[in-house]
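Architecture at a glance
Here is how the chains run, residue by residue.
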Amino acid sequence: MRRQNDNDNNTQVPGLKVLEALGATGLRSVRFSNELGPLAGSITCNDVSPKAVIAMKRNIAHNNCQNITASTADACVLMCTHKNEFDVVDLDPYGSPATFLDTAVQAVRSGGMLCVTATDLGVLAGNHIQACYGKYGGMPLKRVYCHEFALRLLLSCIDSHANRHSRYIRPLFSYKADFYVRVFVQVIESQGEVQKTTSRRSFVYDCSGCHSFHLQKVGVHTPGTQRVVPGRGPPVGPSCQECGKNFYIGGPIWSDPIHDTEFLSQMKEHLVSEGQYLGTIKRMTGMLTLAEEELPEVPLFYELSMLSKTIHCTCPPLTTFRSAILNAGYRVSLAHVCPKSIKTNAPPSLVWDVMRRWALDNGAKLREPDTVAGILLRKEISLPVDFTIHPLAALDRDVHRFPPNPEPNWAQGQSWQKKT
């Protein structure tokens, strides 16, 4: 990151200058200091609570971290008064990070990294649409892809804040784990790239009946120029071509890639060579592998059991369904947020042709003609469907892509006992 920053005026400090703006007891800063080695130059660990800072200083002293400075300040004030100063800014609040984003994108140097965690996944995933629109500037959709949608809403929000200061973001790694989402983005100053920002965001039209979805770019950029024109649409009519129902509209979301494949590859190499001491190395390797395998140019996904539920048929094996997509000449991958996801560049018509062929071949009953299932199953299959197993359809079983929970009823505490 330092190499990409031509305006670095603080090179007398070796290593990276890091800010953990919401440090609490300082454990993450301690890990930065101990695990980054010479890469960790100066680390500022901040929290507004005096009691937290007392515990923070105790942990710093106990771990003999000489390069960590404890700070007691309002995070927004601290970042606002230290603009363009830090190589890495880490935000991990309790709840929404929205309050801190505007000052965070100013505190990080051009070319530096901003790390943001959002634990208000219920808001981002569509349980509280008014709160989501107020905090993140986008309408969530509570659909099967809601967690990837949450990531893309967060990225769009961060980019929007950066644009106000002639900056834009380049996502390096974005993931959902357990009950939160976390993104790592590079913040770069460039007025020219800011002008193209609308071409990186899209509205989403999602069918209320069959879950087919379509994206509408906010703006369209002409390659090789700075010209951006408003997107032309909508991409759909008033009714879905597959089932005749109307659409929900969500977004705008970040519709460009959410990972940088080169960055992911470097992370995996580092993990293999120097991360063997980590107890979660298999889970981390699986997550990075999933992110590498995701189709970068395809936002959102279908979910196999939801497709089957829609037309009331048995769920096809994942490898079989993937083979049908690949045999039709399209690409397909998993999404890291869902084990039965179908992320593909195939149009919804082909996805439903494959499901129709599978359902009719496996004895699915025709439903009433005025229901979604009845309409979908009665529609003519427009393309031949080939379920022959494709060599690229199978997944490497040695990679722990979706590790099981560590114990039964994990993360529910004792609440599951009260419900039984």
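Please refer to the structure placed before this passage.
Since this is a predicted model, take the numbers as computed values, not measurements.

What follows concerns the overall build of the chain. For the chain, the helix and strand inventory stands at 15 helices and 15 strands. Relative to the 2.2 N^0.38 estimate, which gives 22 Å for 420 residues, the radius of gyration of the chain is 24 Å and therefore close to what a compact globule would have. C-alpha atoms of the chain, sized along the principal axes, occupy 70 × 55 × 40 Å. Within the chain, the proportion of its 420 residues that are buried is 50%. Put simply, of all contacts in the chain between residues at least 6 apart along the chain, 67% involve residues at least 24 apart. Summing over all exposed atoms, the chain offers an accessible surface of approximately 20,400 Å²; the carbon and sulfur share of this is 54%. Computed over 44 positive and 38 negative side-chain charges, the inter-centroid distance for the chain is 5 Å.

Before going further, it helps to examine the sheet that holds strand E15 (residues 338–344). Here we have 3 strands laid out as an open sheet, ordered E13-E15-E14, and antiparallel in their pairing. Of all the strands in the sheet, just strand E13 (302–303) and strand E14 (332–335) have a single pairing partner and so form its edges.

On to the environment of Pro-93. Relative to the helices and strands, Pro-93 resides in the loop between strand E4 (86–91) and helix H4 (101–107). Classification of Pro-93 by relative accessible area gives buried; the value is 7%. Each C-alpha atom of the pair Pro-93 and Thr-371 lies 45 Å from the other, and the pair is 278 residues apart in sequence. If we skip the residues at most four places from it in the chain, Pro-93 touches Leu-22, Phe-100, Thr-117 and Thr-119.

This structure, assessed with the given rule, holds 9 aromatic pairs. The interplanar angle of 20 degrees and the centroid separation of 6.5 Å between the aromatic rings of Tyr-175 and Phe-184 together place this pair among those described as stacked. Both residues of the pair, Tyr-175 and Phe-184, count as buried. Grouping aromatic residues by their ring pairs yields a cluster made of Tyr-145, Phe-149, Phe-213 and Tyr-302. The ring of Phe-86 carries Lys-17 above its face, with NZ or CZ at 5.6 Å from the centroid.

Look at helix H12 (residues 318–327) against helix H13 (residues 348–361): their axes get within 10 Å of each other, and the N-to-C directions meet at 130 degrees. Comparing their axes, H13 and H12 come out oblique. In this structure, H12 meets H13 at a crossing whose hand is right-handed. Residues Thr-320, Phe-321, Ala-324 and Ile-325 of H12 pack against Leu-350, Val-351, Val-354, Met-355 and Trp-358 of H13. A per-class count over the contact of H12 with H13 returns 8 nonpolar, 1 polar and no charged.

The rules behind each value
- Residues numbered from 1 in each chain as written.
- Predicted model: local features only at pLDDT ≥ 70, side-chain atom pairs only at ≥ 80, totals over all residues.
- Heavy atoms only, no water.
- Helix = DSSP H or I, 4+ residues; strand = E, 2+ residues; numbered from the N terminus.
- Rg over C-alpha atoms; globule rule 2.2 N^0.38 Å.
- Buried < 20%, exposed > 50% of the residue type's maximum accessible area, 1.4 Å probe, protein only.
- Contact = heavy atoms within 4.5 Å.
- Areas by Shrake-Rupley, 256 points an atom, 1.4 Å probe, with all protein chains shown as cover.
- Lys, Arg positive; Asp, Glu negative; His and termini not counted.
- Charge placed at Lys NZ, Arg CZ, Asp CG, Glu CD.
- Pairing = 2+ DSSP bridges.
- Phe/Tyr/Trp six-rings, centres within 6.5 Å; stacked < 30°, edge-to-face > 60°.
- Lys NZ or Arg CZ within 6 Å of the ring centre and 35° of its normal.
- Axes fitted to C-alpha atoms, helices over the stretch in contact; angles between N-to-C directions.
- Parallel < 35°, antiparallel > 145°, perpendicular 65-115°, else oblique.
- Left-handed = near helix turned anticlockwise from the far one by under 90°.
- Nonpolar A, V, L, I, M, F, W, Y, C, P; charged D, E, K, R; others polar.

That's the geometry; what it means functionally is another story.
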